[in-house]
Amino acid sequence: MGNMNFLDKASLDLLMPMNMILDPDGRILHAGPTLRKLRPEEDFIGQNVLDVFELRDDGRQHEDSVLPLNKKLYVSFKSGLPTQLKGVATPIVQKKYLLLNLSFGISVVDAVRDYSLTLGDFAPTELAIEMLYLVEAKSAVLEETKQLNRRLQGAKVVAEEQAFTDTLTGLKNRRALDHILDQMVQREVPFALMQLDLDYFKAVNDTLGHAAGDAVLQNVAKILAAETRDDDIVARVGGDEFILIMHKQIDPKILLKIARRIIVQLEVPVPFNGTVCQISGSVGITTTANYDIVDFEQMMQDADTALYASKHEGRARANFYDPEMVPTDTIEPAAVASR
């Protein structure tokens, strides 16, 4: 295979770690360390270069040489991963040998991943190193950006949820209610609006304190959540005032049944610090079926009118809105305050 003691192979491998030295027939006499790392199980020495690599044919004669000389060539491994390499072959030592120097080209990123290559597997002057640094830096920046975006999105969701939530009860608040109702009206979704006002709640606050009142409100929230469906909306819109939106439910019999069931649950005494809190509730109801053009502000007023009728009947009642009912804005202030 020829005597190559005249070659400083250590220097050659340092400067060109993917080099091969071939005899004129294409037999491999030496392979650089990075090439050997790509195929650690294969002994290149003695093999013909064209048995190891598939040469992309350029359609031109090779001038009695096994490889095209002094021009760019492209090869890929015949076995294992078909890694694409590019290189150049040139005669050395009075044309007794061929020096083939290979590189990864644009496939360097894939090669680093596929073969677990490190800095020491490249020539010190290899531009691919700088490119790898840029790729790694870009990947790190992109990952940081993705994580930041995820955190910001999560914070946005939390902030929006907090902005739409009553902190004491965990129910929706008036802002959320207005937003949801506006969308439902625009989409022409049929629904019922049920307004609930707690009876005797002020007495609980006055006699047992606000902590007792808070306990009662939290219990009311649990009752309302239990008596509604996932598609329904329950919102606390005032101190002891609640709105229920019954999604696609406008049957008066069913709605009255739900309202009366809620009232029964509200009248169950709530234990608090060795005593009990006793309340009830009055309900006013209207549905989108009552309107040619749905205006949820008008629906709120009409439900409030029906609610006042329930209060007027002795509380713990539920009523549907009737146009014959007296609107609450025509009632004497003292009578409204007594609610």
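Predicted model, so just to flag it, every value in this text is computed and none were measured.

(A) Spotlight on the packing of helix α7 (residues 201-208) against helix α8 (residues 210-226). Running from N to C, α7 and α8 point in directions that differ by 145 degrees, and their axes come no closer than 6 Å. Counted together, Phe201, Val204, Asn205 and Leu208 of α7 and His210, Ala212, Gly213, Val216 and Leu217 of α8 form the full contact between these two elements. Broken down by class, the residue content of the contact of α7 with α8 amounts to six nonpolar, three polar and no charged.

(B) Expanded view of the sheet that holds strand β12 (residues 280-287). With respect to topology, five strands assemble into an open sheet ordered β8-β9-β7-β12-β13, the strand pairing being mixed. Taken across any chain shown, the strands that pair with only one partner, and hence form the sheet edges, are β8 (233-236) and β13 (318-320). On average, each strand axis in the sheet is tilted by 20 degrees relative to the strand beside it, whichever way the strands run. By the bridge criterion, eight bridges tie strand β7 (residues 191-199) to β12 in an arrangement that is antiparallel. Within β12, the position partnered with Leu196 by the bridge is Val283. Helix-sheet contacts for helix α6 (residues 174-186) involve β7, β8 and β9 (241-247), and the interaxial angle to β9 is about 25 degrees.

(C) Broad picture of unusual backbone geometry. The phi dihedral of Glu188 is positive, around 60 degrees, even though this residue is not glycine. You can see Glu188 is positioned in the loop between α6 and β7. Even without being a glycine, Asn273 presents a positive backbone phi close to 50 degrees. As for its position among the elements, Asn273 is in the loop between β10 (270-272) and β11 (275-277). On the basis of relative accessible area, Asn273 is assigned to the exposed category, the value being 68%.

(D) Quick look at the layout of surface pockets. As a volume, the largest pocket reaches approximately 310 Å³. For the largest pocket, the lining is made up of 20 residues, of which Leu102, Ser103, Phe104, Gly105 and Glu126 are closest to its centre. Residues of the lining of the largest pocket, tallied by class, amount to 13 nonpolar, four polar and three charged.

(E) Structural detail: the confidence of the model for the chain. Residues at a pLDDT of 70 or more form 87% of the chain, whose mean pLDDT is 86. Within the chain, β7 carries the highest mean pLDDT (96), whereas helix α11 (residues 333-337) carries the lowest (41). Segment residues 330-339: pLDDT under 50, and 13 contacts once partners within four positions in sequence are set aside and those in other chains are kept.

(F) Structural view of the packing of aromatic side chains. Under the definition given, this model contains two aromatic pairs. For the pair Phe53 and Phe77, a centre-to-centre distance of 4.9 Å together with 40 degrees between the ring planes defines the contact as tilted. Of this pair, Phe53 sits in strand β3 (residues 53-55) while Phe77 is found in strand β4 (residues 72-77), placing the two residues 24 residues apart along the sequence. Grouping residues by exposure puts Phe53 and Phe77 together as buried. Above the plane of the ring of Phe77 lies Arg39, whose end atom (NZ or CZ) is 3.9 Å from the centre. Directly above the ring of Tyr74 sits Arg56, whose terminal nitrogen or CZ lies 4.4 Å from the centroid.

(G) Geometry of the pattern of salt bridges. Throughout the structure, instances matching the rule amount to 13 salt bridges. Between Asp178 and Arg174 there is a salt bridge; the shortest N-O distance is 2.8 Å. In this pair, Asp178 and Arg174 are both assigned in helix α6, four residues apart and thus about one turn of the helix distant. A relative accessible area of 26% places Asp178 in the partly exposed class. For the salt bridge of Lys202 with Asp206, the shortest nitrogen-to-oxygen distance reads 2.9 Å. In this pair, Lys202 and Asp206 are both assigned in helix α7, four residues apart and thus about one turn of the helix distant. Note on Lys202: relative accessible area 58%, which makes it exposed.

Cut-offs applied
Residues numbered from 1 in each chain as written. Predicted model: local features only at pLDDT ≥ 70, side-chain atom pairs only at ≥ 80, totals over all residues. Heavy atoms only, no water. Axes fitted to C-alpha atoms, helices over the stretch in contact; angles between N-to-C directions. Helix = DSSP H or I, 4+ residues; strand = E, 2+ residues; numbered from the N terminus. Contact = heavy atoms within 4.5 Å. Nonpolar A, V, L, I, M, F, W, Y, C, P; charged D, E, K, R; others polar. Pairing = 2+ DSSP bridges. Buried < 20%, exposed > 50% of the residue type's maximum accessible area, 1.4 Å probe, protein only. 1 Å grid on protein atoms, 1.4 Å probe; cavity = no way out; pocket = protein on both sides within 12 Å on 5 of 7 lines; lining within 4 Å. Points joined across faces, edges and corners; volume = space filled by probe spheres on them. pLDDT = per-residue confidence, 0-100. Phe/Tyr/Trp six-rings, centres within 6.5 Å; stacked < 30°, edge-to-face > 60°. Lys NZ or Arg CZ within 6 Å of the ring centre and 35° of its normal. Salt bridge = Lys/Arg side-chain N within 4 Å of Asp/Glu carboxyl O.

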